[in-house]
Amino acid sequence: MAKKSTLNLPGTTDRRIDALLTLLAENSTFVISGAKIAKEIGVTRQQVWRWIQQLREIGVRVKGHPRTGYHIERVPDILVRRC
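In this numbering scheme, every chain counts its residues from 1 along its sequence in written order. Totals for whole chains, interfaces and linings use every residue, but because this is a predicted model, local features are given only for residues with pLDDT of at least 70 and side-chain atom pairs only at 80 or more, for both listing and counting. The side-chain quantities take in all heavy atoms of the structure and omit both hydrogens and water.

S.K.: I'd like to hear about the pairing of strand β2 (residues 69-74), residue by residue, with values.
M.R.: For strand β1 (residues 61-65) and β2, the ladder comprises five bridges, and the chain directions are antiparallel. Looking across to β2, one finds that Val62 is bridged to Ile72. Any two strands with at least two DSSP bridges between them are considered paired. Only DSSP runs of H or I covering at least 4 residues are called helices, and only runs of E covering at least 2 are called strands; the numbering of each starts at the N terminus. Joining the antiparallel neighbours β1 and β2 is a turn of three residues, in which Arg67 adopts a positive phi near 60°.

So, in structure tokens, the structure goes:
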């Protein structure tokens, strides 16, 4: 059975996604490795990558750096999925 990502469901929030966004926002001047993010919020690096992609889809500007990690460039005032 396929597991649905809660980021796709309107009106729901996964606390770990919130933790990911908070971690990136609080360290916006640093590049944080996917492994460190995964360890901090208790998910796999692949899940971090998927959530980064989904955050980008809703307007959060997250810059990926090959072999080093991610940092947030800009968070929009309102997070709304683009159609």
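S.K.: Account for the nonpolar core, with residues named and values stated.
M.R.: As used here, the term nonpolar core means buried Ala, Val, Leu, Ile, Met, Phe, Trp, Tyr and Cys residues forming a set that is joined through side-chain atoms within 4.5 Å. When a residue's accessible area, from a 1.4 Å probe over protein chains only, is under 20% of the maximum for its type it is buried; when over 50% it is exposed; and in between it is partly exposed. Core analysis: the largest hydrophobic core is formed by 19 residues, its most contacted members being Leu20, Leu24 and Ile37. When contributions to this core are tallied by element, the ones reaching two or more residues are α1 (15-26), α2 (34-41), α3 (45-57) and β2. Here this core takes five residues from α1, the largest share from any one element.

S.K.: Explain α1 to me, using residue names and the numbers behind them.
M.R.: To estimate how far a helix should extend, the number of its residues minus one is multiplied by 1.5 Å. Taking 1.5 Å as the rise per residue, α1 with twelve residues should run 16 Å; its terminal C-alpha atoms sit 16 Å apart, in good agreement. Turning to α1, its buried residues are Ile17, Leu20, Leu21, Leu23 and Leu24. All buried residues of α1 lie within an arc of 160° about the axis, which places them on one face of the element. Within α1, the exposed residues directed more than 90 degrees away from the buried face are Arg15 and Glu26. The arc under discussion is defined with respect to the helix axis, by the directions toward the C-beta atoms.

S.K.: Describe in detail the packing of α1 against α2, supporting the description with residues and values.
M.R.: Remark: α1 packs on α2, axes separated minimally by 10 Å, with the N-to-C direction vectors making an angle of 130°. Compared by their axis directions, α1 and α2 come out oblique. As α1 packs across α2, the resulting crossing turns out to be right-handed. Judged by residue contacts, Arg16, Ala19, Leu20, Leu23 and Leu24 of α1 engage Ile37, Glu40 and Ile41 from α2. Amino acid classes used here: Ala, Val, Leu, Ile, Met, Phe, Trp, Tyr, Cys and Pro are nonpolar; Asp, Glu, Lys and Arg are charged; the rest, including Gly, are polar. Broken down by class, the residue content of the contact of α1 with α2 amounts to six nonpolar, no polar and two charged. Every axis in this analysis is a line fitted to C-alpha atoms, fitted for helices over the stretch in contact. Angles between the N-to-C directions lie between 0 and 180 degrees. Roughly parallel means an angle under 35 degrees; roughly antiparallel, over 145; roughly perpendicular, 65 to 115; everything else is oblique. Note on convention: near helix rotated counterclockwise from far helix by under a right angle means a left-handed crossing. Clockwise means right-handed. By definition, residues are in contact when any of their heavy atoms lie within 4.5 Å.

So far we have only geometry, and geometry alone does not tell us how the molecule works.
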